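Understanding the architecture of this molecule
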Amino acid sequence: MRPDVTTYVALGANLGDAAQALRDAFAALAGVPGVRLVKASSLYRTAPIESSGPDYINAVAEIATTLTAPDLLATLQTIEHGAGRERPYRNAPRTLDLDLLLYGSASIDSETLTVPHPRMWERAFVLVPLHEIAPGLVTVEMRQAVSEQAIQRV
């Protein structure tokens, strides 16, 4: 049996009942064999970045998993699909978006997966909830770099 890997997943939605979609996604993650939900951040409201549509509701989950990174990515995509996720174009509004931010200390750069997530350090909607549940991963300087991006706890 594989040892648990501490992993962080960003959750976001801006179509339908976005807050409920995130709560449902936390529950879906917790129900996956080989995945244990360790911590869930508060929910946060943010304006779309490089996108359009309604404000997003965002959060971050810490999970412990025995799944490989590719298997975890496939699981996240299955949960997105179950929530009605469509990908008509880059940064389209969405019913649910699950991004694998960190997979232990792994550095992965493949056609289907890049870890750490390449833009996570540029986004308040990732860094603020990540800091809430894992303050040691987000420095003061990182938070200051995104301080002009509006974010509100809901």
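Described in the following lines is the structure provided in the data block. None of the values given here were measured: they were computed from a predicted structure. (Residues numbered from 1 in each chain as written. Predicted model: local features only at pLDDT ≥ 70, side-chain atom pairs only at ≥ 80, totals over all residues. Heavy atoms only, no water.)

1. Thoughts on the side chain of Thr65
The condition that has to hold: Helix and strand definitions here come from DSSP, where helices need a minimum of 4 consecutive H or I residues and strands a minimum of 2 consecutive E residues; each element is numbered from the N-terminal end. Between N or O atoms, a polar contact is any pair within 3.5 Å; within protein, one atom must be a potential hydrogen donor and the other a potential acceptor, and residues adjacent in sequence are included only when both atoms are from side chains. In what follows, a contact means two residues having at least one pair of non-hydrogen atoms within 4.5 Å.
Mapped onto the fold, Thr65 is located in strand S4 (residues 56-65). At 2.9 Å, the side chain of Thr65 and the backbone nitrogen of Leu67 are in polar contact. Not counting residues up to four positions away in its chain, the partners in contact with Thr65 are Pro3, Asp4, Val5, Thr7, Gly34, Val35, Leu72 and Tyr103.

2. Brief notes about the side chain of His117
Along the chain, His117 falls in the loop between strand S7 (114-115) and helix H3 (124-133). If we skip the residues at most four places from it in the chain, His117 touches Asp99, Leu100 and Leu101.

3. Points about unusual backbone geometry
For the peptide bond that leads from Val115 to Pro116, omega is -5 degrees, which places it in the cis range. Its location among the elements puts Pro116 in the loop between S7 and H3.

4. Considerations on the pattern of salt bridges
As a reminder of what qualifies: Salt-bridge detection follows one rule: a side-chain nitrogen of Lys or Arg within 4 Å of a carboxyl oxygen of Asp or Glu. Exposure is judged per residue with a 1.4 Å probe applied to protein chains only, and the accessible area is read against the type maximum: over 50% gives exposed, under 20% gives buried, and values in between give partly exposed.
Going through the model one piece at a time under the given rule, you end up with 3 salt bridges. A salt bridge links Arg36 to Asp4; the shortest N-O distance between them is 3.5 Å. With a gap of 32 residues between them, Arg36 in strand S2 (residues 35-40) and Asp4 in the segment before strand S1 (5-13) connect regions that are remote in the sequence. In this structure Arg36 comes out as partly exposed when scored by relative accessible area, which is 48%. Judged by relative accessible area, which is 47%, Asp4 ranks as partly exposed. A salt bridge links Arg94 to Asp97, with the shortest nitrogen-to-oxygen separation between them at 3.1 Å.

5. Considering the nonpolar core
In plain terms, the rule: Take the buried Ala, Val, Leu, Ile, Met, Phe, Trp, Tyr and Cys residues and link them wherever side-chain atoms come within 4.5 Å; each set so joined is a nonpolar core.
With 30 residues, the main nonpolar core has Leu11, Leu22, Leu43, Leu72, Leu76, Leu98 and Leu100 as its most contacted residues. Listed by contribution, the elements that provide at least two residues to this core are S1, helix H1 (18-30), S4, helix H2 (69-82) and strand S5 (97-103). Top contributing element to this core by residue count: H1, with 7 residues. Sequence-distant contacts of Leu76, defined by excluding residues within four places in its chain, comprise Val9, Leu29, Leu98, Asp99 and Leu100. Membership of the second largest hydrophobic core comes to 14 residues, among which are Val60, Leu101, Leu130 and Ile133.

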